[in-house]
Amino acid sequence: MTERALAFACRGAWLYGILSLPQASSAARRGVLIVVGGPQYRAGSHRQFTLLARDLAAAGIPAMRFDYRGMGDSEGDLQTFENVDADLRAAIDRFMAEVPGMTEVVLWGLCDGASAAALYAPQDARVAGLVLLNPWVRTEEGAARATIKHYYKDRLFDPRLWNKIKKGEFDVKASVSSLWDNVGKAFSPNRGAGDSNDSAPLPERMHGALTGFHGRVLVVLSGADLTAQEFADLSSRPGAWQRLLGTPRFTRQQIDKADHTFSRRPWQDQVSSWTRDWLRSW
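**Considering the overall build of the protein chain**
The helix and strand inventory of the protein chain stands at 10 helices and eight strands. Counting the 282 residues in the protein chain, one finds 52% classified as buried. Once local pairs closer than 6 in sequence are excluded, the contacts in the protein chain between residues at least 24 apart make up 73%. Only carbon and sulfur atoms are counted for the fraction: they give 51% of the accessible area of the protein chain, which is about 13,500 Å².

**Topic: the packing of helix 3 (residues 112-120) against helix 7 (residues 202-212)**
At a minimum axis distance of 8 Å, the contact between helix 3 and helix 7 shows a crossing angle of 50°. By the criterion of interaxial angle, the relationship of helix 3 to helix 7 is oblique. Pair helix 3 / helix 7 crosses with left-handed handedness. Where helix 3 abuts helix 7, its residues Ser115, Ala118 and Leu119 lie against Arg205, Met206, Ala209 and Leu210. Residue classes in the contact of helix 3 with helix 7 are distributed as five nonpolar, one polar and one charged.

**Some points on the side chain of Asp225**
By the element assignment, Asp225 lies in the loop between strand 7 (216-222) and helix 8 (226-236). Buried charge without a salt bridge: Asp225, with Arg138 as the nearest opposite-charge side chain at an N-O distance of 7.0 Å. A polar contact is formed between the side chain of Asp225 and the backbone nitrogen of Ala228, at a distance of 2.9 Å. Discounting chain neighbours no more than four positions away, the residues touching Asp225 are Asn134, Ala258, Asp259 and His260.

**Points about the sheet that holds strand 8 (residues 250-255)**
Reading across the sheet, the eight strands line up as 1-2-4-3-5-6-7-8 and stay open at both edges, with mixed pairing between neighbours. The open sheet is flanked by strand 1 (2-10) and strand 8, the only strands paired with a single partner. The mean inter-strand angle of the sheet, taken between neighbouring strand axes irrespective of direction, is 20°. Sheet topology note: the strand 3 (residues 30-35)/strand 4 (residues 63-66) ladder contains three bridges and is parallel. Bridging from a neighbouring strand, Val32 pairs with Ala63 of strand 4. The strands that helix 2 (residues 85-98) touches are strand 1, strand 2 (13-21), strand 3, strand 4, strand 5 (104-110) and strand 6 (127-133); relative to strand 1, the one it contacts most, it runs at about 135°.

**Notes on the side chain of Asp112**
Along the chain, Asp112 falls in helix 3. Comment: no salt bridge for buried Asp112; closest opposite-charge side chain is Arg138, at 10 Å. Contacts of Asp112, omitting those with residues within four sequence positions, involve Gly37, Gly38, Phe81 and Trp136.

**Regarding the nonpolar core**
Ranked by size, the top nonpolar core spans 77 residues in total, and within it Leu107 and Leu130 carry the most contacts. Those residues in contact with Leu107 that sit more than four places away from it in its chain are Leu33, Val35, Ile92, Ala117, Tyr120, Val127, Gly129, Leu130 and Val131.

**Considerations on the pattern of salt bridges**
Summed over all chains, the structure comprises 16 salt bridges. For Arg65, the salt bridge identified is with Glu3, shortest N-O distance 3.7 Å. Taken together, the residues Arg65 in strand 4 and Glu3 in strand 1 connect sequence positions 62 residues apart. Look at Arg65 and you get buried, because its relative accessible area is 5%. In this structure Glu3 comes out as partly exposed when scored by relative accessible area, which is 33%. The closest approach of N and O atoms between Asp93 and Arg126, which form a salt bridge, is 2.6 Å. Highlighted residues: Asp93 in helix 2 and Arg126 in the loop between helix 3 and strand 6, separated in sequence by 33 residues. Overall, Arg126 belongs to the partly exposed group, its relative accessible area being 21%.

**Concerning the confidence of the model for the protein chain**
Looking at the protein chain as a whole, the pLDDT averages 87, with 80% of positions reaching at least 70. A low-confidence stretch, residues 191-197 (pLDDT under 50), is modelled with 16 contacts involving residues beyond four sequence positions or located in other chains.

**Considerations on unusual backbone geometry**
The backbone of Arg11 shows a phi angle near 50°, a positive value even though the residue is not glycine. Structurally, Arg11 is set in the loop between strand 1 and strand 2. The class of Arg11 is exposed, set by a relative accessible area of 71%. Its identity as a non-glycine residue notwithstanding, His46 has a phi of 60°, on the positive side. Structurally, the position occupied by His46 is in the loop between strand 3 and helix 1 (48-58). Since its relative accessible area comes to 44%, His46 is described here as partly exposed.

About the criteria used
- Residues numbered from 1 in each chain as written.
- Predicted model: local features only at pLDDT ≥ 70, side-chain atom pairs only at ≥ 80, totals over all residues.
- Heavy atoms only, no water.
- Helix = DSSP H or I, 4+ residues; strand = E, 2+ residues; numbered from the N terminus.
- Buried < 20%, exposed > 50% of the residue type's maximum accessible area, 1.4 Å probe, protein only.
- Contact = heavy atoms within 4.5 Å.
- Areas by Shrake-Rupley, 256 points an atom, 1.4 Å probe, with all protein chains shown as cover.
- Axes fitted to C-alpha atoms, helices over the stretch in contact; angles between N-to-C directions.
- Parallel < 35°, antiparallel > 145°, perpendicular 65-115°, else oblique.
- Left-handed = near helix turned anticlockwise from the far one by under 90°.
- Nonpolar A, V, L, I, M, F, W, Y, C, P; charged D, E, K, R; others polar.
- Lys, Arg positive; Asp, Glu negative; His and termini not counted.
- Salt bridge = Lys/Arg side-chain N within 4 Å of Asp/Glu carboxyl O.
- Polar contact = N/O pair within 3.5 Å; in protein donor to acceptor, adjacent residues only side chain to side chain.
- Pairing = 2+ DSSP bridges.
- Core = buried A, V, L, I, M, F, W, Y, C linked by side-chain atoms within 4.5 Å.
- pLDDT = per-residue confidence, 0-100.

Next comes the structure, spelled out in structure tokens:
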């Protein structure tokens, strides 16, 4: 495996990335572009993106990771995950130019990086697949429902809570107020998507994008993460989401005890292994 630093232009700004190449990169027809999520840069939390790219390259799969405009080393104004289409297109252009034998790419993203990848994919025929970790589909209603269903239930069985109650260290008034606030949000539909100026809520736009995209999709969820649980709850309800994720082109995996960023090395290794196996399965 070898690595190469890249600089490429996007709407007047220079973006910077790292390309991880296998020894026989000329034979590779498919590569993985790692899409950064949240306020992160190309290394990722706990160096997750660096380790993933190197693992893929060692397995014969070219991988590229880069910084959006306004993040990490890249120039320009900071962009939200819903405004990085130009960044992704510029990165794919450069990726394919660097690996001439490559004919398609898979976008791999965590959290709102997964959402950015999903929203972009239907626009570019070169995107053949998506790997979505804990996709961000946040609405106030969805977050409140996930908190009530998962956080409060787990909290009741947490010995630390009962120890605090015994010691008089538990703020009952504040906790009841928080619960009541979440109940109000959970049963007040159509509160909007939060981060978007678009009239449609984010889950609807995500569903539309994934419906319009006809490639393969691997979804990986953390069992101990409210962002993942919000997506799981949304997709498990009878209706459009459940039908979509039930189609053969979708594969779903979960690590029950993993946190949002898969911070432990065994969790990272499992995600990497699932990614490799899934890429080789089609």
